Amino acid sequence: MYYLAIRNMGIEKCIDKNTEDIYEDGQSFSYLPDFSFVKTRIVKSIKIKCIEIPGPVFNATVYSD
């Protein structure tokens, strides 16, 4: 499983998960979900946009278990 995580107010949370590594720079995701996740291995760091806050780009990390 692959987990997309962002750091919000000093807390890292998972905002999306998928069985395949579908995450790329420039994609848009909601930052509201908070899934449980396993930080076993960092796959990559990317930059994403959040649907709720148009404009800025946010750093995100993709983990896999």
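Presented here is a report on the structure given in the accompanying data block.

Definitions and cut-offs
Residues numbered from 1 in each chain as written. Predicted model: local features only at pLDDT ≥ 70, side-chain atom pairs only at ≥ 80, totals over all residues. Heavy atoms only, no water. Helix = DSSP H or I, 4+ residues; strand = E, 2+ residues; numbered from the N terminus. Buried < 20%, exposed > 50% of the residue type's maximum accessible area, 1.4 Å probe, protein only. Lys, Arg positive; Asp, Glu negative; His and termini not counted. Salt bridge = Lys/Arg side-chain N within 4 Å of Asp/Glu carboxyl O. Polar contact = N/O pair within 3.5 Å; in protein donor to acceptor, adjacent residues only side chain to side chain. Contact = heavy atoms within 4.5 Å. Core = buried A, V, L, I, M, F, W, Y, C linked by side-chain atoms within 4.5 Å.

**A closer look at the side chain of Lys13**
Inspection of the secondary structure assignment puts Lys13 in strand E2 (residues 11–18). An unpaired buried charge is present at Lys13: no salt bridge exists, and Asp34, the closest side chain of opposite charge, is 5.5 Å distant. Among the polar contacts listed, one links the side chain of Lys13 to the backbone oxygen of Tyr31, at a separation of 2.7 Å. Setting aside anything within four residues of it in sequence, one finds Lys13 in contact with Leu4, Ala5, Ile6, Tyr31, Leu32, Pro33, Asp34 and Phe37.

**Quick look at the environment of Thr61**
Positionally, Thr61 belongs in strand E5 (residues 53–64). Linking Thr61 and Lys44, residues 17 residues apart in sequence, is a C-alpha distance of 6.0 Å. Look past the residues within four positions of Thr61 in its chain and what remains in contact with it is Tyr3, Leu4, Ala5, Glu12, Ile42, Lys44 and Ser45.

**What about the nonpolar core?**
By size, the foremost hydrophobic cluster in this structure holds nine residues: Leu4, Ile6, Ile15, Tyr23, Phe29, Ile46, Ile48, Ala60 and Val62. For this core, the elements supplying multiple residues, two or more each, are strand E1 (2–8), strand E4 (41–50) and E5. With residues up to four places along the chain from it excluded, the contact list for Ile48 reads Leu4, Ile6, Ile15, Glu24, Gln27, Phe29, Pro56, Val57, Phe58 and Ala60.

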